[in-house]
Amino acid sequence: MKSRYSIFSLARNAMNYHKDWERAWRSPQPKAEYDAVIVGAGGHGLATAYYLAKNHKMTNIAILEKGWLGGGNTGRNTTIIRSNYLQDSSIAIYELARSLYEGLSQELNYNVMFSPRGVLMLCQTEHELRAFKRTAHANRLAGLDCRMVSPAEVKEIVPIINDDPNCRYPVLGAYYQPRGGTARHDAVAWGYARGADALGVDIIQNCEVTGITREGGKVVGLETSRGSIKTKKVGVVTAGNVSTLMQTAGVRMPIESLCLQALVSEPIKPVIDCVVMANTVHGYISQSDKGELVIGGGTDPYNNYSQRGSFPSLEHTVTALVETFPIISRLRMLRMWGGIVDMTGDRSPIISKTDVEGLYVNCGWGTGGFKAIPGSGYVFADTIAHDRPHAIAEPFGLNRFAEGRLIDESVAAAVAH
Amino acid sequence: MLVVHCPVCGAEGDETDFHGGGQAHVRRPATHDPANVSDEAQRDYLFIRHNPKGLHFERWRCDRGCGKWFHAARDTVTMEFKAFYGISELPPREVMEQATGEWATYFKDRLKAEAKS
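Rules of the game
Residues numbered from 1 in each chain as written. Chains lettered and ligands numbered in written order. Predicted model: local features only at pLDDT ≥ 70, side-chain atom pairs only at ≥ 80, totals over all residues. Pairing = 2+ DSSP bridges. Helix = DSSP H or I, 4+ residues; strand = E, 2+ residues; numbered from the N terminus. Axes fitted to C-alpha atoms, helices over the stretch in contact; angles between N-to-C directions. Contact = placed C-beta atoms within 7 Å. Nonpolar A, V, L, I, M, F, W, Y, C, P; charged D, E, K, R; others polar. Domains from an automatic or database assignment. Buried ≥ 20, exposed ≤ 12 C-beta atoms within 10 Å, placed from the backbone.

Enquirer: A description of the sheet that holds strand β15 (residues 275-278) of chain A should follow, citing residues and the corresponding values.
Expert: Residue and element names in this part refer to chain A. The strand order β6-β7-β5-β15-β16-β17-β14-β18 describes an open sheet built from eight strands, whose pairing is mixed. Pairing within the sheet leaves two strands with one partner each, and these edge strands are β6 (147-149) and β18 (333-343). Shown here is a sheet whose adjacent strand axes are inclined to one another by a mean of 25 degrees, direction ignored. Pairing between strand β14 (residues 256-265) and strand β17 (residues 293-303): five bridges, direction antiparallel. When the bridges of β17 are listed, Leu-258 appears paired with Asn-303. Lying over the sheet, helix α9 (residues 311-324) contacts β14, β15, β16 (283-287), β17 and β18, oriented at roughly 140 degrees with respect to β17.

Enquirer: Pulling in residues and values, what's your account of the interface of chain A and chain B?
Expert: Each partner contributes residues to the interface: chain A has 22 residues there, and chain B has 20 residues. Those elements that provide at least two residues to the side of chain A that touches chain B are α8 (242-247), β14, β17, α9 and α11 (400-403) of chain A. Considered class by class, the residues forming the side of chain A that touches chain B number 10 nonpolar, nine polar and three charged.

Enquirer: Which residues make up the pairing of strand β10 (residues 209-215) of chain A, and what are the values?
Expert: Residues and elements named next belong to chain A. In terms of strand pairing, β10 meets strand β11 (residues 218-224) through six bridges, oriented antiparallel. Residue pairing in the sheet places Glu-215 in a bridge with Lys-218 of β11. Two successive antiparallel strands, β10 and β11, enclose a turn made up of two residues, where Gly-216 displays a positive phi of approximately 65 degrees.

Enquirer: Residue-level account of the domain arrangement of chain A, with values.
Expert: All names here are of chain A. As far as domains go, chain A holds domain 1 (27-83 + 86-109 + 185-254 + 347-403) and domain 2 (119-179 + 257-343). One C-alpha centre belongs to domain 1, the other to domain 2, and the line joining them spans 28 Å. Across the boundary between the two partners, domain 1 contributes 22 residues, which contact 24 residues of domain 2. Those elements giving two or more residues to the side of domain 1 that touches domain 2 turn out to be α3 (88-102) and α8.

Enquirer: Mind laying out the environment of A:Gly345, listing which residues take part and the relevant values?
Expert: You can see A:Gly345 is positioned in the loop between β18 and β19 (350-353). You can call A:Gly345 partly exposed: it has 18 C-beta atoms within 10 Å. For the pair formed by A:Gly345 and A:Phe401, sequence separation is 56 residues and the distance between their alpha carbons is 8.8 Å. In contact with A:Gly345, not counting residues within four places along its chain, are A:Pro254, B:Leu46 and B:Phe47.

And the structure:
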C-alpha cells in the first residue's frame, strides 16, 4: 500500500530534503498473460485501468504505452473542462466526467488542480447567439447549471474583452457554464497512474503494440516491441493512432487523424480568471497558474501523424484572439506544439465493443477529450468488465454509423473543426 | 507549411491558397447500383476512411487559382507530396506501387477491374 500524500507527509519529507519520496508508480516487466490489456496510457487509458481495478476488481491487467504515460494528447491539450453539449447522450457522459472531476483530487489522493473558474462561450454573430440559446435550452432540460449572459455581464466577467459594438465580430452575449473550468492535465494522468498502480495494475511504458492477434473472431493477445502478451480482452485507447492499430485486427474505423495545435504566451500578471471560447473567430484562451496565456484554435484541414501543425492555423487563431483581446497583441509566445486528434464524422466519440470478441475501443474524442477523461474511463471500464456497453456508453457505439443514429456535435464544439 | 501544385492550371502556392478535401477515390455506392445499397456500404461511403500513417491519397481544390478539384499523393508523416494528378485519374504507377495497407489493396482491385473492362 502506498503512503498517502498529506500535509504531514510533506512536512516529514521536507525534514529529509525531499530525498525519500517513494516512486509514484512501478516500472514492471510485462507478464506473459493478463486478464485484460489497455493499449495507450493517456488519460482515458489510465482512467479505464483505474476503474477496472477499483470498481470491477480486475487487478491482473496491464496498460501498454509506446512512449511515456500522458505524453500524447493528454499532455498537449488546453485543459478545458465543460459539459454544455447539445445532445442528451453527450451531456450525460461529459457531465458525468465533469462531476467526477470535482472530487477527483480526493478520490486519487493527488492534486489534479481542478479549478471550476467558469467557461464563457462567446456569441459573436446573430446565428451563433441563436445556436447557443438552443444549447442553453437543451442543457436546462438536462438539469445543467448554465445560463446565457448579456454583453455587459461578459465585460464584467472578462474586463479585457473588446466590447466595441462596431468591430467585425462584436460580442452579442455568451453562454456561461460557471462550473466548468480547467485542471492540470499532467496531474490527471499521473494521479490515475498512481491510483491504478496502487491497485496492482502494471503500467508498462516504452512498449509499443505492433499488432492485435486474433484467432477466428476472438482476441487472443498482442504483439509488442517487448514480446507477445496473451490476453482475452483488449481495450484500445490510442486516439490518433487508433486506425492503424485496429487495422491489425481487421477492424476499419470511421476516423481521420488531424493535427491540433496549442500555444502559450510568456507569463504575465493575472488578466483573465475564466476560460473564454470564441467559436466564430476560432480561438480559446485561459490563463495558467504560472501566468501564461494558454491558447488553442482549430485543426489543420488534412491528415497528419507528425505532431507538428502548420503555421497558418496558429496565425489564424492568434489573429482572432488579438481582435477579441486587444491587450494581448504585444505578448510573445513561448511554446507551441501539436497533437494528433482522432476525428469522427459526427464529432462525437466512440466507446464500443467491436465485431471481434474481446476487442473494445475508446476513441474519436477528437479535439475535446481531456474534459471527458474520468467519465470515459468510468463507462469504458464497465463496458469491458461486463462485455456490454454501459448505459451512458451505449449511444456511442460503432453501430451508430451504419444505423444513421449520429450524435451530431459539430455545432456544439467550442470551435468548429 | 505545405507547398501545393495544381496539375490543372499549374499554379503553385502554400496551403492557404488551396483547400484540402479529404480522402480521394471514395465511390458513392448509390451512383453505381441505387437499388441495392446496404447500410454498411452507405456507412463505408460516408464515414469509414483510410487513415494511413504514411502515403495517403487525397483531394484538393485550387481555391485561389482555377477553382478545380484535383488529386494529390502525400505522406502523412513527412508531409511530403509525392504526386499531383487529375481528378479523374489514378496516381502515377510508381507512386501507386509505394502504397501500403488499404490503399495497396484498393489500387490492386482498381487496376484489375480496369484491365477487365
